[in-house]
Amino acid sequence: MQLGVIGLPNVGKSTLFNAITRAGAQAANYPFCTIEPNVGMVAVPDARLDVLAKMHNPQKVTPAVIEFVDIAGLVRGASRGEGLGNKFLSHIREVDAIVHVVRCFEDENVIHVDGSVDPIRDVETINLELIFADMETLQKRVEKQRKLAKNGDKKLQADTDVLEAAYRHLESGQPARTFVTDEREAAILKTALLLTSKPCIYVANISEADMGAEPNDFCRGLYALAAREGAEAVTISAKTEEELAELPDEEKTEFLAELGAAQSGLDQLVTAGYRLLGLISYLTAGPKEVRAWTIPKGLRAPQAAGKIHTDFERGFIRAEVVAFDALLELGSMAACKERGLVRSEGKEYIVRDGDVVLFRFNV
């Protein structure tokens, strides 16, 4: 999973990126501090791996990973190449989903590129630039397909009709992800690689003083906007995440509790990202390695096995599966087998989140 971190210049984007990746991206109080995208690989927090590691004492423990990409700040006119617009847009096109950081705190010591704090205006600034870029993409595509459809190809004309309807939707100021489609139309639109079709997580960046308090007006407005778009929204203090990154693991929970926060910003982003992209994790465990594997929800056992190695999928015989919760309750795989909780599943089995799986296969 690759998440692109975007936002107006100077909204706490790079500060948040630094904190959750510890990658050391430059953060400063002026626009365009980030030019080339910084990339950081982050281990997905998963307490289940710790439990399995205690049971198996493996040689190594391998968590699932998320790649965060810190993309240059955007300004008005980016779709026409203003600021670093062209680079910004090309970097967004490559990620699976967008993490859109929005400033939701007042601080006279931190410059705002538009002179005042207004989350809805800030979101609209970026969304409009992405919409303009998408309209240009669709216009070129439609013109090309119209020429090709002159020979009377009905399928090509139907596809063109879908793209034209999407263009009108964008023209109304709405992102492509809010364009209602059936399965066929969605497949056509997917080929256009539109920026505003990317799933989005809005991050309300609040001050440390607002941690644990009721959401302020800025946050409430942003959450309402996210709900209208069908997007995710989380509240994070980038400054707090920066402080958390410096603490030993055992002190982080205590620090969050003191601030009245249930989860770290990273935990919130991981949860929202998995939900938004329809992902789950299954687990494998043994003396050599305990590992989490990220797959799309609804994947059958052979395809899930193929995530480990293509030979596993080709030679799939069966999957021996136990739910993590059952394993946690009984304490060992042997105890689960005695209770009949280890199931033998075939090719049609849909792998579930938290399944602990041993694949049997022919080489």
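Participant: Could you give an account of the overall build of the chain, naming the residues involved and the relevant values?
Facilitator: Scanning the chain from N- to C-terminus turns up 14 helices and twelve strands. C-alpha atoms of the chain, sized along the principal axes, occupy 65 × 65 × 35 Å. The buried share among the 363 residues of the chain stands at 48%. Here the contacts in the chain between residues at least 6 apart in sequence split such that 69% fall between residues at least 24 apart. Accessible area for the chain stands at about 18100 Å²; split by element, carbon and sulfur atoms hold 50% of it. Counting 42 positive and 54 negative side-chain charges, the chain places the centres of these two groups 9 Å from one another.

Participant: Tell me about the packing of aromatic side chains, residues and numbers included.
Facilitator: Scanning all chains against the criterion turns up three aromatic pairs. A ring pair is formed by Tyr 282 and Phe 359, whose centres lie 5.8 Å apart and whose planes are at 85°; its orientation type is edge-to-face. In this pair, Tyr 282 is assigned in strand 8 (residues 279-285) and Phe 359 in strand 12 (residues 355-361), connecting sequence segments 77 residues apart. With respect to burial, Tyr 282 and Phe 359 carry one shared label: buried. Ring pairs connect the aromatic residues Tyr 282, Phe 316 and Phe 359, which therefore count as one cluster. Lying across the ring of Phe 105, Arg 103 places its NZ or CZ 4.7 Å from the centre. The cationic tip of Arg 291 hangs over the ring face of Trp 293; the distance from NZ or CZ to the ring centre is 4.0 Å.

Participant: With reference to specific residues and values, describe the pairing of strand 10 (residues 316-323).
Facilitator: Direction of pairing for strand 10 relative to strand 12: antiparallel, over a ladder of seven bridges. Counterpart to Val 322 in the pairing with strand 12 is Val 356. Where strand 10 lies against strand 11 (residues 343-345), three bridges are found, and the strand directions are antiparallel. The residue bridging Glu 320 from the neighbouring strand is Ser 344, located in strand 11.

Participant: A description of a negative patch on the surface should follow, citing residues and the corresponding values.
Facilitator: Where like charges cluster on the molecular surface, the negative patch consists of Glu 250, Glu 251, Glu 254 and Glu 258. Residue placement: Glu 254 occurs in helix 9 (residues 249-259).

Participant: Outline the nonpolar core, supporting the account with residue identities and numerical values.
Facilitator: Core analysis: the biggest nonpolar cluster contains 67 residues, and Phe 68, Val 99, Tyr 202, Val 203 and Leu 269 have the highest contact counts within it. If you look at the next biggest cluster of nonpolar residues, it comprises 15 residues, including Ala 305, Phe 312, Val 321 and Phe 359.

Participant: Just give me the short version of the environment of Val 5, but keep the residues and values in it.
Facilitator: Mapped onto the secondary structure, Val 5 falls in strand 1 (residues 2-6). Spatially, the C-alpha atom of Val 5 lies 9.5 Å from that of Val 95, the residues being 90 residues apart in sequence. If near-sequence neighbours (up to four positions away) are discounted, Val 5 is found in contact with Lys 13, Phe 68, Val 69, Asp 70, Ile 71, Val 99 and Val 101.

Participant: Any chance you could break down the environment of Ala 323 for me, citing the residues and the numbers?
Facilitator: Here Ala 323 shows up in strand 10. With 18 residues separating them along the chain, Ala 323 and Leu 341 place their C-alpha atoms 8.0 Å apart. The contact partners of Ala 323, leaving out residues within four places of it in the chain, are Arg 343, Gly 354 and Asp 355.

Participant: Give me the lowdown on unusual backbone geometry, citing residues and values where you can.
Facilitator: One non-glycine residue, Asn 57, lies in the positive phi region at around 45°. Mapped onto the elements of the fold, Asn 57 is located in the loop between helix 2 (47-56) and strand 3 (60-62). Note on Asn 57: relative accessible area 65%, which makes it exposed. Positive phi, close to 55°, is recorded for Leu 193, a residue that is not glycine. When you line up the elements, Leu 193 lands in the loop between helix 6 (183-190) and strand 6 (200-205).

Participant: Tell me about the packing of helix 5 (residues 154-171) against helix 6, and please be specific about residues and values.
Facilitator: In contact at an axis separation of 10 Å, helix 5 and helix 6 are set at 75° when each is read in the N-to-C sense. Considering their axes alone, helix 5 and helix 6 lie roughly perpendicular with respect to each other. Contacts between helix 5 and helix 6 involve Ala 158, Asp 159, Val 162, Leu 163 and Ala 166 from the former and Arg 184, Glu 185, Ile 188 and Leu 189 from the latter. Partitioned by chemical class, the residues of the contact of helix 5 with helix 6 number six nonpolar, no polar and three charged.

Participant: Go over the pairing of strand 1 with me, naming the residues and quoting the values.
Facilitator: Across the five residues of strand 1, five count as buried, placing the element largely inside the fold. Burial along strand 1 is two-sided: Gln 2, Gly 4 and Ile 6 facing one way and Leu 3 and Val 5 facing the other are all buried. Pairing analysis gives four bridges linking strand 1 to strand 4 (residues 65-70), with the strands arranged parallel. Of the residues in strand 4, the one forming a bridge with Gln 2 is Glu 67. Bridging between strand 1 and strand 5 (residues 97-103) involves four bridges; their strand directions are parallel. Each residue of the ladder has a partner; that of Ile 6, found in strand 5, is His 100.

Criteria and cut-off values
- Residues numbered from 1 in each chain as written.
- Predicted model: local features only at pLDDT ≥ 70, side-chain atom pairs only at ≥ 80, totals over all residues.
- Heavy atoms only, no water.
- Helix = DSSP H or I, 4+ residues; strand = E, 2+ residues; numbered from the N terminus.
- Buried < 20%, exposed > 50% of the residue type's maximum accessible area, 1.4 Å probe, protein only.
- Contact = heavy atoms within 4.5 Å.
- Areas by Shrake-Rupley, 256 points an atom, 1.4 Å probe, with all protein chains shown as cover.
- Lys, Arg positive; Asp, Glu negative; His and termini not counted.
- Charge placed at Lys NZ, Arg CZ, Asp CG, Glu CD.
- Phe/Tyr/Trp six-rings, centres within 6.5 Å; stacked < 30°, edge-to-face > 60°.
- Lys NZ or Arg CZ within 6 Å of the ring centre and 35° of its normal.
- Pairing = 2+ DSSP bridges.
- Patch = residues over 30% accessible without salt bridge, like charges linked within 9 Å, V, L, I, M, F, W, Y side chains within 5 Å.
- Salt bridge = Lys/Arg side-chain N within 4 Å of Asp/Glu carboxyl O.
- Core = buried A, V, L, I, M, F, W, Y, C linked by side-chain atoms within 4.5 Å.
- Axes fitted to C-alpha atoms, helices over the stretch in contact; angles between N-to-C directions.
- Parallel < 35°, antiparallel > 145°, perpendicular 65-115°, else oblique.
- Nonpolar A, V, L, I, M, F, W, Y, C, P; charged D, E, K, R; others polar.

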